[in-house]
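Single-letter residue listing:
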Amino acid sequence: MKGSIRNIFYFSVMAGLIVLVGQLQSWNVALSILNLCLISSIMALGVNIQWGYAGLFNVGVMGFAALGGLAAVIIAMPPVREAWAVAGSGVAVGIGIFLATSIAALLVYRKLRKGPLRTVLVMLIVILGYVLLRIYFDPTTKVIEKVNPASTGYLGGLGLPVLLAWPVGGLLAGAVAWIVGKVTLGLRSDYLAIATLGISEIIVAVLKHEDWLSRGVKNVNGLPRPVPYEVGLQNAQWFLSLCERLGADPVTFSSIFVKLCYAVLFASVLLLVLWLSEKALRSPWGRMMRAIRDNEVSANAMGKDVTARHLQVFVLGSIVVGIAGAMLTTLDGQLTPSSYQPLRFTFLIWVMVIVGGSGNNWGAVLGGFVIWFFWIEAEPLGLWLMNFLTSGMAADNALRLHLIESAAHMRLMTMGIILLLALRFSPRGLIPERNHQ
Amino acid sequence: MSYLIGENMTGGYGGADILHDCTIAAEQGEIAVIVGPNGAGKSTAMKAVFGMLNIHKGRVMLDGDDITALSPQDRVAKGMAFVPQSANVFPSMSVEENLEMGAFLRRDDISTTMEQVFDLFPILKEKRRQNAGELSGGQRQQVAVGRALMTQPKLLMLDEPTAGVSPIVMDELFDRIIEVARTGISILMVEQNARQALNIADKGYVLVQGCNRYTDTGQALLNNPEVRKSFLGG
Amino acid sequence: MTEETLNALALLSNFVLVPAVAYGSQLALGALGVTLVYGILRFSNFAHGDTMAFGTMFTILFTWWFQSMGLSLGPLPTALLALPFAIVLCALFALLTDKFVYRFYRQQRADPVIFVIASVGVMFVMNGLVRFIIGPNDQNFADGERFIIKAREFKQMTGLAEGISIKVSQGITVITMIVVVAALFWFLNKTRTGKSMRAYSDNEDLALLSGINPDRVVMVTWILAAALATIAGTLYGLDKSFKPFTYFQLLLPVFAAAIVGGLGNPLGAIAGGFVVAFSEISVTYAYKKFANYMVPGDDWKADGLMQLLSTNYKFAVSFLILLLVLLFRPTGIFAGKSA
Ligand SMILES: Nc1ncnc2c1ncn2[C@@H]1O[C@H](COP(=O)(O)OP(=O)(O)OP(=O)(O)O)[C@@H](O)[C@H]1O
Ligand SMILES: [Mg+2]
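J.: Looking at this structure, I do not really get helix α18 (residues 410–425) of chain A. What am I missing?
T.: One turn of an α-helix holds 3.6 residues; hence residues three or four places apart share an orientation. With 16 residues, α18 of chain A should reach 22 Å at 1.5 Å per residue; the first-to-last C-alpha distance of 22 Å fits that figure. In the core, the buried residues of α18 of chain A are packed alongside α15 (342–356) and α16 (361–389) of chain A together with α3 (79–108) and α4 (112–134) of chain C.

J.: Just to check I follow, could you spell out the site of ligand 1 for this structure?
T.: All names here are of chain B. The immediate surroundings of ligand 1 are formed by 13 residues, with N38, G39, K42, S43 and T44 found nearest. Between ligand 1 and G39, the relevant distance is 2.8 Å, taken from an oxygen atom to a main-chain nitrogen or oxygen of the residue. Contacts to ligand 1 include Q192, whose side-chain N or O atom sits 3.3 Å from an oxygen atom. For ligand 1, whose unbound accessible area comes to 630 Å², protein coverage reaches 60%. Per element, the largest residue contribution to the shell around ligand 1 is 3 residues, and it comes from helix α1 (residues 42–50). Taken together, the residues that form the shell around ligand 1 break down as 4 nonpolar, 7 polar and 2 charged.

J.: Could you clarify how one ought to interpret the sheet that holds strand β4 (residues 55–62) of chain B in this entry?
T.: Adjacent strands of a sheet form backbone hydrogen bonds with each other and so pair up, either parallel or antiparallel. The strand order across the open sheet formed by 4 strands is β2-β1-β4-β5 (chain B), and the pairing between neighbours is antiparallel. A strand with exactly one partner marks an edge of an open sheet, and here the two such strands are β2 (17–26) and β5 (65–66) of chain B.

J.: Would you explain the packing of helix α3 (residues 61–76) of chain A against helix α7 (residues 189–209) of chain A in this entry?
T.: Residue and element names in this part refer to chain A. Here α3 crosses α7 at 30°, and the two axes come no closer than 7 Å. As summarised for this structure, α3 and α7 are arranged roughly parallel, according to the angle between their axes. α7 is crossed by α3, and the crossing has left-handed handedness. Together, M62, G63, A66, L67 and L70 of α3 and S200, E201, I203, V204 and L207 of α7 make up the contact between the two elements.

J.: Any chance you could explain the pattern of salt bridges here in plain terms?
T.: Pairing between side chains of opposite charge can happen when their charged atoms approach one another. What the rule picks out here adds up to 20 salt bridges over all chains. The residue R293 of chain A makes a salt bridge to E433 of chain A at a minimum N-O spacing of 3.0 Å. Of this pair, R293 of chain A sits in helix α12 (residues 284–294) while E433 of chain A sits in the segment after α18, and the two are 140 residues apart along the sequence. The class for R293 of chain A is partly exposed, based on a relative accessible area of 23%. We classify E433 of chain A as buried; its relative accessible area is 17%. With a shortest N-O distance of 3.0 Å, R129 of chain B and E96 of chain B are connected by a salt bridge.

J.: Explain the domain arrangement of chain B here, please?
T.: How large an interface is tends to be reported as the accessible area lost when its parts come together. Residue and element names in this part refer to chain B. For chain B, the assigned domains are domain 1 (1–79 + 155–160 + 188–234) and domain 2 (81–152). Here the C-alpha centre of domain 2 lies 24 Å away from the C-alpha centre of domain 1. Counting residues at the interface gives 14 residues for domain 1, matched by 11 residues for domain 2. Summing both partners gives a buried area of about 1,000 Å² for domain 1 against domain 2, and 65% of it is carried by carbon and sulfur. At the boundary of domain 1 with domain 2, the tally comes to 0 salt bridges. Counting the contacts that link domain 1 with domain 2 gives 5 residue pairs in polar contact (both at pLDDT 80 or more). For the side of domain 1 that touches domain 2, the secondary-structure elements that each account for two or more residues are α1, α2 (72–77) and β7 (155–159). Residue contributions to the side of domain 1 that touches domain 2 peak at 5 residues, all from β7.

J.: Is there a simple way to explain the side chain of S43 of chain B in this structure?
T.: Along the chain, S43 of chain B falls in helix α1. There is a polar contact of 2.7 Å between the side chain of S43 of chain B and the side chain of D159 of chain B.

J.: Is there a simple way to explain the coordination of the magnesium ion (ligand 2) in this structure?
T.: Ideal coordination angles are 109.5 degrees for a metal with four donors arranged tetrahedrally and 90 or 180 degrees for a metal with six donors arranged octahedrally. Residue and element names in this part refer to chain B. Protein coordination of the magnesium ion (ligand 2) is provided by S43 (OG) and Q85 (OE1), with donor distances spanning 1.9 to 2.2 Å. Highlighted residues: S43 in helix α1 and Q85 in the loop between β6 (80–83) and α3 (95–102), separated in sequence by 42 residues. Judged by its relative accessible area of 18%, S43 is buried. Judged by relative accessible area, Q85 falls into the partly exposed class, the value being 35%.

J.: So what exactly am I meant to see when it comes to the interface of chain C and chain B here?
T.: Counting residues at the interface gives 16 residues for chain C, matched by 23 residues for chain B. Taking both partners together, chain C and chain B bury about 1,800 Å²; carbon and sulfur atoms supply 57% of that area. The interface formed by chain C and chain B contains 2 salt bridges. Connecting chain C to chain B are 7 residue pairs in polar contact (both at pLDDT 80 or more). Every element with two or more residues in the side of chain C that touches chain B is listed here: α7 (192–202) and α8 (204–209) of chain C. The element best represented in the side of chain C that touches chain B is α7 of chain C, accounting for 6 residues. Among the residues making up the side of chain C that touches chain B, the classes are represented as 7 nonpolar, 5 polar and 4 charged.

J.: Whenever I open this one, empty space enclosed by the protein confuses me. Can you help?
T.: Where empty space is left in the structure can be found by rolling a water-sized probe over the atoms. Considering all chains together, one arrives at 4 cavities of 30 Å³ or more under this definition. When its volume is computed, the largest cavity comes out at roughly 80 Å³. In terms of lining residues, the largest cavity is bounded by N45, A47, H48, T51, A94, T97, Y102, V122, M126, W222, A225 and A226 of chain C. A per-class count over the lining of the largest cavity returns 8 nonpolar, 4 polar and no charged. Here the second largest cavity defines a volume of roughly 40 Å³. Per-element accounting of the lining of the second largest cavity gives the leading share, 3 residues, to β6 of chain B.

J.: Sorry, what's going on with the packing of aromatic side chains here?
T.: Describing an aromatic ring pair means giving the distance of the ring centres and the angle of the ring planes. Counted under the stated rule, the structure contains 41 aromatic pairs over all chains. Ring centres 5.8 Å apart and planes at 65° place the aromatic pair W238 of chain A and F257 of chain A in the edge-to-face group. Residue W238 of chain A is located in helix α10 (residues 237–246), and its partner F257 of chain A is located in helix α11 (residues 250–282); the two are separated by 19 residues in the primary sequence. Each ring, one from F253 of chain A and one from F257 of chain A, has its centre 6.3 Å from the other, and the planes form 55°; the classification is tilted. Taken as a pair, F253 of chain A and F257 of chain A lie in helix α11 at a separation of 4 residues, close to a single helical turn. An aromatic cluster of at least three residues, connected via ring pairs, comprises F43, Y102, F104, Y105, F115 and W222 of chain C. Sitting above the plane of the Y109 of chain A ring, R118 of chain A keeps its charged end 4.0 Å from the centroid.

J.: Got a minute to help me understand the interface of chain A and chain C in this structure?
T.: In this assembly, 51 residues from chain A lie in contact with 52 residues from chain C. Regarding the contact of chain A and chain C, the summed buried area is about 4,500 Å², with carbon and sulfur atoms giving 78% of it. Looking only at chain A, the three residues that lose the most surface to chain C are Y191, I194 and R424 of chain A, adding up to 14% of its buried area. At the junction of chain A and chain C, the tally comes to 0 salt bridges. Along the contact surface separating chain A from chain C lie 10 residue pairs in polar contact (both at pLDDT 80 or more). Contributions of two or more residues to the side of chain A that touches chain C are made by α5 (116–146), α6 (165–184), α7, α15, α17 (398–406) and α18 of chain A. Of the residues belonging to the side of chain A that touches chain C, the class tally is 35 nonpolar, 10 polar and 6 charged.

J.: Help me understand the environment of K57 of chain B, please; the structure alone is not making it clear to me.
T.: Residues and elements named next belong to chain B. For K57, the location among the structural elements is in strand β4. Considering only alpha carbons, one finds K57 and T10, 47 residues apart in sequence, at a separation of 5.1 Å. Beyond its immediate chain neighbours, meaning those up to four positions away, K57 contacts N8, M9, T10 and D21.

J.: Quick question: what am I supposed to make of the side chain of H48 of chain C here?
T.: Residue and element names in this part refer to chain C. If you trace the backbone, H48 turns up in helix α2 (residues 48–68). Relative accessible area serves as the criterion here: at 1%, H48 is assigned to the buried category. The contacts of H48, once residues within four sequence positions are left out, are G30, G33, V34, A225, A229 and L251.

J.: Help me understand the sheet that holds strand β10 (residues 211–217) of chain B in this model?
T.: Residue and element names in this part refer to chain B. Strand order in this open sheet of 6 strands is β6-β7-β8-β3-β9-β10, and the pairing throughout is mixed. What marks the edges here is a single partner per strand, and that holds for β6 and β10. Averaged over neighbouring strand pairs, the angle between their axes works out to 15° when direction is ignored. With 5 bridges connecting them, β7 and strand β8 (residues 186–190) associate as parallel partners.

J.: So what exactly am I meant to see when it comes to the packing of α15 of chain A against α4 of chain C here?
T.: In helix packing, the relevant descriptors are the interaxial angle and the interaxial distance, both defined with respect to the helix axes. Viewed as axis vectors pointing N to C, α15 of chain A and α4 of chain C meet at an angle of 130°, and their least axial separation amounts to 11 Å. It follows that α15 of chain A is oblique to α4 of chain C by the angle criterion. Once α15 of chain A is placed against α4 of chain C, the crossing between them reads as left-handed. Of the residues in α4 of chain C, those in contact with L343, F347, L348, W350, V351 and I354 of chain A of α15 of chain A are I117, V120, M123, F124, N127 and R131 of chain C.

Rules of the game
- Residues numbered from 1 in each chain as written.
- Chains lettered and ligands numbered in written order.
- Predicted model: local features only at pLDDT ≥ 70, side-chain atom pairs only at ≥ 80, totals over all residues.
- Heavy atoms only, no water.
- Helix = DSSP H or I, 4+ residues; strand = E, 2+ residues; numbered from the N terminus.
- Expected span 1.5 Å × (residues − 1).
- Contact = heavy atoms within 4.5 Å.
- Near = heavy atom within 4 Å.
- Polar contact = N/O pair within 3.5 Å; in protein donor to acceptor, adjacent residues only side chain to side chain.
- Areas by Shrake-Rupley, 256 points an atom, 1.4 Å probe, with all protein chains shown as cover.
- Nonpolar A, V, L, I, M, F, W, Y, C, P; charged D, E, K, R; others polar.
- Pairing = 2+ DSSP bridges.
- Axes fitted to C-alpha atoms, helices over the stretch in contact; angles between N-to-C directions.
- Parallel < 35°, antiparallel > 145°, perpendicular 65-115°, else oblique.
- Left-handed = near helix turned anticlockwise from the far one by under 90°.
- Salt bridge = Lys/Arg side-chain N within 4 Å of Asp/Glu carboxyl O.
- Buried < 20%, exposed > 50% of the residue type's maximum accessible area, 1.4 Å probe, protein only.
- Domains from an automatic or database assignment.
- Buried area = accessible area lost by both parts, 1.4 Å probe.
- Donors = N, O, S within 2.8 Å, 3.2 Å for Na, K, Ca; no water.
- 1 Å grid on protein atoms, 1.4 Å probe; cavity = no way out; pocket = protein on both sides within 12 Å on 5 of 7 lines; lining within 4 Å.
- Points joined across faces, edges and corners; volume = space filled by probe spheres on them.
- Phe/Tyr/Trp six-rings, centres within 6.5 Å; stacked < 30°, edge-to-face > 60°.
- Lys NZ or Arg CZ within 6 Å of the ring centre and 35° of its normal.

As structure tokens, this is what we get:
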């Protein structure tokens, strides 16, 4: 019981901090932080499923989140009709080649027995598919990218409700995770780490450079929202009367209202994922996972297929990260491939999990809140600190200018130090894993 | 007073105690042998004597000095050498380098010692440039013993030196061990081949579940009907 | 051989062979550091890319300082003069990280993955320090002569239409790599300390039983790793340019090189460096002109760039090599310690 009082205390302090920001800075800022805290928590939950349940070290969180972002574009953006008109048949050919390759590779994988022959055949099929795609699909991408490059220059999406992108983003991330896991799991844990680092760089490179798909560095703007628009609210009668009753300014309140809507959506997803994770953790499956993590050798000896279980967990965790990635892009309302930085998207999430408490879902959620909060607030704090420290110097002192200019980089260092301190002095995190019997 | 004595050693690997009040001793220039069933704690007793294990009761004395608190490296400097049961060579280093590593703490000329080792194990001279990992099991054991001898120890501890070695090579190896003992080096050895080992032993210890079950001269133990029945297969 | 073929070969040498030899040398030096740390401290050091950036930053700072004092090496880059000082500072920092971070986990005999996570923390700190001190932007610090042979000179000499140019930085890279590797192998194979490091890497417990001092082995390892990282980073920076984020990204090819060669195996790391560099550059090279030279007659001309993979995806090459090795030979070409 002591534990739960402590946990309630932690979460109340966190809530208090956000309220404090609302009072001191503004409610808009506070809600922005809250929304990103919620998304961060979901990502941390995904990583915690992999690390906390199974001890898998995934260094490719960024890539799986980016896949979620791509899903948001593919699902929600309206299709670009002109592009489809000129390149529709080419796209059909491309999709055909892609599907044929995948099916052929999968068939060979299923039908043949494990061994070098199977691996070589699968690889040959993939290479052949790649070459065919390059020959037949490359010209199509050129055509697509020529269609009105300033505003579109890509295929657009399916024009479906953006909420659908969340599960789809999860599936996309899960599929990639399956392939990576299939190759690297069962080998040394470092290999998974390096392979995931590689795949995430590649995924982001695809988003940056395949303009026909994601507009590349030109970004995709104006993703449809799952919540009302501010302008719409300001003209809606019910909203205006609500404002009147609350005595709030419609312009400010409309943006707060939108953020609240997002917060409700995100919180529901968080609660759902949290509930499922907790349920899984307590199920026989979860018990087995922890048994495997704590003693891989004897689990192996008991005939448990450790590698297959690890693959399951790896895919599940990646799905959660993918969902969170899609949510993030939805919140931003745009896909900005160059914003995917490993330090922000991979390693920050890791700090959340380690600080929060690896193996404990509530810990991961708390870590998501705490670390995101400090990540955001460290910047003004750092700037303030630098200004304060250098206040004795002349305003145009070169050192002072350099220090103030570089204050933003301080937070990387701070995060590193927090990670090291947590790992050393509180390796079980703020909310440690419970010892289930 | 014995040259080396581990007295009333009690301890383990952090969990439950493995050794209980176990006493092992070796005299100058003599061979002491520890026998017992698998898992009896023979290797554990060796590690305890060498300081690779915390004992919370008892002490280890070498030549009259209490060395219980010394690290294994310091015990090497004091003239003890240990050949572990497994992983007892540097596999990716040549035979010669293995021997050099044995003499790591020595600052004087090691070439005569190395010649002595080559005299003892002529095959090693032939294979001196080959990696230890590429040798046969028996040859590897010879490298392991040779490495330990390179420090010019006064006490040599061997954990199952004949494991995985053919009967002929085993006899060879026992002969060599007797030769080493004749030069005045004390030998403390764990052996699975209890009969042969007790044959050459001055002193024998039968260990069961971390306790001394029988302690006597090698011959007396061989003649003891109970020991013969339970530990020497009749 | 016809002139066309000669032209084609010159073209290939200029755009694939020469750059790949230089890049391969840089990767080899980086991978040697990774493999040393792996062999002796038994974990994959994710901070190695940022150690490279960290050391290079010191080289740049010293270079600027020397330049401001009017010191120079004539045709050679001033950075060579700065390098030893940078190595000392980088090694000091590496020793500090060991003292305050890694040693604790070593004494705990912690799981390797804990070391890896700790190295991520160190990476953050180093990354932050580099950005804080020198900033996140590109720095070009190469001075002195730029070319050993210019393409134009080569053309005049040979009368070919295609030239081969070799940059001073490329020449320095290769020579430095050879000297450093020779010195390293001499150290590991011939000196007492070097042999004790190999022994420690081979069998830690037996090394302790032989009286080898683990603290000393670890200390020398960090010094060597920091020196290798600084040299590799400086050479890469001279050849291309210095940008902290690029160095973080070098982690992937460097690790691919170390794994291809077999983690913990120095010889393998060098071979792996060249395998990765040659694959990356030859896969991303556009063969259009080369094909036009090779196919005789004028009636056939290559359409398109004839590039297997766009340079945007050069990291994919490291990744694919990595996957191939893991699929077929998880211990690397020269079996490493990673069974
Ligand atoms: N490193 C260790 N950590 C924990 N327990 C250990 C360790 N090594 C051995 N043990 C335990 O200590 C007990 C005695 O083991 P020990 O190796 O000393 O037996 P032994 O007599 O040498 O057996 P064998 O003849 O098979 O070599 C065993 O129950 C074993 O499980
Ligand atoms: Mg034993």
